[in-house]
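For reference, the chains in residue letters:
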Amino acid sequence: MVSKSNPHATGTKAQWVTSVRSIFPSMESLADFEKDNPGMLELFLPLLKKRGIIASNTKADLETVLQPLSVPKNGNDDPGAHSFEDFLQNNIGLSLHELASRLNQLIEQFQLQPLFNHKKIGTAMFSRLKSMPADTTVKRNYLRILAFYMGWHQGEPGLKFHYEKLLDLCASGPVEKGSHGIRIGFSIDVIDINAFNLLRKTLKTCLDRTPSLGKLKIITLHLESMFAVYIDIPNALTSDRISDVSPYRAGIRDAVALAHQLLIKWQLSPRKHFTQPNLTIGIMAGKFSELTHLRQLLSSKHQTDYPQIKLTKFTKKCLNENNVRATLSRIPDIIQIPNELPIYIWTVEGVWSWIYLQFPHDLIQKPEDEALESICLPNQYRPAKVNSTFKTAVQRFYQNTQNALLGMELAKAFYYRKDYAEALEVLNTILREDPQQLNALTLKMTILFTLAASADDPERSELQFERAEDIAMRILQMEFCHEEDAFTEIGMGRLGRAVVFLRRCRHVALESTQGRKIVTEEQKQLLIGLIRRAEKAFIRGTNSANTGHRSLYYLLLTRLLLELLRSEKYRFTSAGIQLEDPLLFQTTALRLFQDFGWLPDPVPGNGFSSIEKPLMDAIHSFGDSVQLQSYKANTFIVFSFLLHDFELNLQPTPENQARITAWLAQAATWAEKNKLDGLYIYTDTRRWYGELLTYDEFKQHLNMLMNIVRDQKNQKLLLAGLFN
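Residues numbered from 1 in each chain as written. Predicted model: local features only at pLDDT ≥ 70, side-chain atom pairs only at ≥ 80, totals over all residues. Heavy atoms only, no water.

Q: Describe the overall build of the protein chain, naming the residues involved and giving the relevant values.
A: What the protein chain contains, in helices and strands, is 27 helices and 14 strands. Looking at the protein chain as a whole, 59% of its 724 residues qualify as buried. Once local pairs closer than 6 in sequence are excluded, the contacts in the protein chain between residues at least 24 apart make up 72%. (Helix = DSSP H or I, 4+ residues; strand = E, 2+ residues; numbered from the N terminus. Buried < 20%, exposed > 50% of the residue type's maximum accessible area, 1.4 Å probe, protein only. Contact = heavy atoms within 4.5 Å.)

Q: How would you explain the environment of Lys165 if you had to name every residue and give the values?
A: Mapped onto the fold, Lys165 is located in helix α9 (residues 163–169). Taking C-alpha positions, Lys165 is 9.6 Å from Leu143, a pair spaced 22 residues apart along the chain.

Q: For the pattern of salt bridges, give the residues involved together with the corresponding values.
A: Side-chain pairs of opposite charge can arise whenever the charged atoms involved come near each other. By the definition in use, this model includes 29 salt bridges. For Glu568, the salt bridge is made with Lys524, and the minimal N-O distance between the two is 3.2 Å. Pair noted here: Glu568 is in the loop between α22 (549–567) and β11 (570–573) and Lys524 is in helix α21 (residues 521–542), with a separation of 44 residues, a long-range link. Relative accessible area serves as the criterion here: at 9%, Lys524 is assigned to the buried category. Of the charged contacts in the structure, one is a salt bridge between Arg687 and Glu691, with a shortest N-O distance of 2.6 Å. A cluster of three or more residues bridged by salt bridges with shared partners is formed by Arg325, Glu484, Asp485, Glu489 and Arg550. (Salt bridge = Lys/Arg side-chain N within 4 Å of Asp/Glu carboxyl O.)

Q: Explain empty space enclosed by the protein to me, using residue names and the numbers behind them.
A: Counted according to the given criterion, the structure contains 9 cavities of 30 Å³ or more. Taken together, 18 residues make up the lining of the largest cavity; nearest its centre are His549, Arg550, Tyr553, Val638 and Leu642. Grouping the amino acids of the lining of the largest cavity by side-chain chemistry returns 14 nonpolar, 3 polar and 1 charged. A volume near 160 Å³ is recorded for the second largest cavity. Around the second largest cavity sit 17 residues that line it, and Thr446, Phe449, Thr450, Gly493 and Gly690 are the ones nearest its centre. For the lining of the second largest cavity, the residue count by class is 11 nonpolar, 5 polar and 1 charged. (1 Å grid on protein atoms, 1.4 Å probe; cavity = no way out; pocket = protein on both sides within 12 Å on 5 of 7 lines; lining within 4 Å. Points joined across faces, edges and corners; volume = space filled by probe spheres on them. Nonpolar A, V, L, I, M, F, W, Y, C, P; charged D, E, K, R; others polar.)

Q: Tell me what's going on with helix α18 (residues 438–454), and back it up with residues and numbers.
A: Along its 17 residues, α18 runs 24 Å from first to last C-alpha, staying within 8% of the 24 Å computed at 1.5 Å per residue. N-cap assignment for α18: the residue whose side-chain oxygen lies 3.1 Å from the backbone N of Asn439 is Gln437. (Expected span 1.5 Å × (residues − 1). Polar contact = N/O pair within 3.5 Å; in protein donor to acceptor, adjacent residues only side chain to side chain.)

Q: So, the environment of Phe646: which residues are in play, and what are the values?
A: Here Phe646 lies in helix α25 (residues 629–646). The exposure class of Phe646 is buried, given its relative accessible area of 1%. Phe646 sits 57 residues away from Ala589 along the chain, and the two C-alpha atoms are 7.7 Å apart.

Q: Can you explain the pairing of strand β4 (residues 279–287)? Please cite residues and give values.
A: The buried count for β4 comes to 8 of 9 residues, which makes it a mostly enclosed element. Bridging between strand β1 (residues 180–188) and β4 involves 9 bridges; their strand directions are antiparallel. If you follow Ile182 over to β4, its bridge partner there is Ala285. Here β4 runs beside strand β5 (residues 308–312); their pairing, made up of 4 bridges, is parallel. In the strand pairing of β5, Gly282 is matched with Lys310. (Pairing = 2+ DSSP bridges.)

Q: I'd love a proper account of the pairing of β11, names of residues and values included.
A: Side chains Tyr570 and Phe572 project from β11 onto a buried face, and the interleaved Arg571 and Thr573 project onto a face without burial. Examined bridge by bridge, β11 and strand β12 (residues 576–579) share 4 bridges and lie antiparallel to one another. Bridge assignment links Arg571 to a residue of β12, and that residue is Gln578.

These values are about where atoms sit, not about what they do.
Pasting the structure below:
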């Protein structure tokens, strides 16, 4: 993602070369530029000469600069960019207004106004390019200036999104709009014009902060006893396969994210002229002409005095099969409509927001002219420093502690600030109201596992592990728990316990007079017992109602650790734990993927060609679902692990090398964005358990991984870093 700082300095020569290559990734693109813009190249060449890019104002000199360039023209290997819309969402990180402002600054500074007939760039064209081909000179020039911008800010990784790639991401023809997609409605149960105006204003603000949604039209729905509005999110893709819900992936992801953002922001809005009305959000998926029951969905009985999100049956299917995570009511409500089939409605009881959903903007942003305020939670004796919006959120949560969705956002914010005591206090408050609130139980367990793994004193560590394990057992014994993320977090905590024990074994072994290089038989059996407990949780996660992809990855790590202990193909060293068989990852992965039906038996060839499609499908699906900036960088490293270590003893293809390099570059840009918000960065790729790192710690870890990738001769697993 492009940094929001330092828009356009004069720039280094390397920046200029990369940006020019990004506009002209091939000689064909240079010829197309001349055809689209007669005479413009002659105006452009002196600028390049002035910057030292070319020696003379000739096209031949420019062609010399472009000649060494070799960038992939086809395919789309980035998990966050399957379309131009996804590119804007996951690789720019600015609203369309902010993006247009940046590009206008660039055009003015580098005197490129003739490309755009001396007119300012606006947002409307980018909205059109989400669903239309770049079939005019103006549209193509928008993509060219955007390609220049990507090269300028991202360096060589920016060439992943050069001009020809951006052309490919735009639709090859007009997308049929108004046929299928997501309809999301918002209603308040009072007839009050002030409240209604606030609802529209709040929705508009949330839409403006969601780049992938652009400028969707807000439509008023006329009901007798309430005010309501809705928006339609058309599918950008289509499918001929029966029951295929993948075209709804981006829409349902954005709808849930928008609903979550508005729900939190609505509760923090000022109430000057009216009492707080109930807010209901309804989400429907399907053919727009058949989504005729939105008013019934919004009018269905409200069981609480805090906001709710409701889904229909097909929407629930789209949610589960597209890796969009939410905890739903176990038993649906039923609406009976005369002479029609009943409508089944599920209520969102919780979201896994500390993994998947972005922070509400106002909760973590500190206005430049605002001083932080001190606030002390109940049962806490140290004040926390927060902005005024955060303080309001705390006050409103404690006015209605049944509101788990708001409480979870507070706990999440405290968690990523490493204010663990405050996070646990909020979670305990939620659990006093509902002892089986799954999201709160799981995050509390995760925090306790984190405290256990980071404790220096073994006794204190074991105490926290036992506290976390007690919660894990409560979750596993819940009769109707089918959530993959709950089981995955249990498995990760248990795996972390095994790794902490293994590290202690290494420490004792290296200090012993014998200088042992591996664990003793007794230690091995204890370790295997701990790992088996983690394995059971991951297996249960793969059998959950969700896709199981996240659990499958950690199950692979668990199997790899078991194989290491059994085969003794490792050695303790002062630097960490040295793996002696780089093929171990590949053989373990092939066997596991066979067990889950991703590969035939026997495996043809080296196995990678057969596993590539299901592996990349899983990567794309999970990559799309994670929007939280504090967690996103970690996902790109995980993707790099899978691809790099699987191909280590094969001949890595240039395409996969480019994928890995681009993913690690994406991890760096997401980490940079997180640094600006003053939050810690989550990773489970430095050790075999989750940690929250400062930006500098994360950057050091990432640089180590990048060095391994660059040095292709050392045949070292990226996963090996987890042992150090």
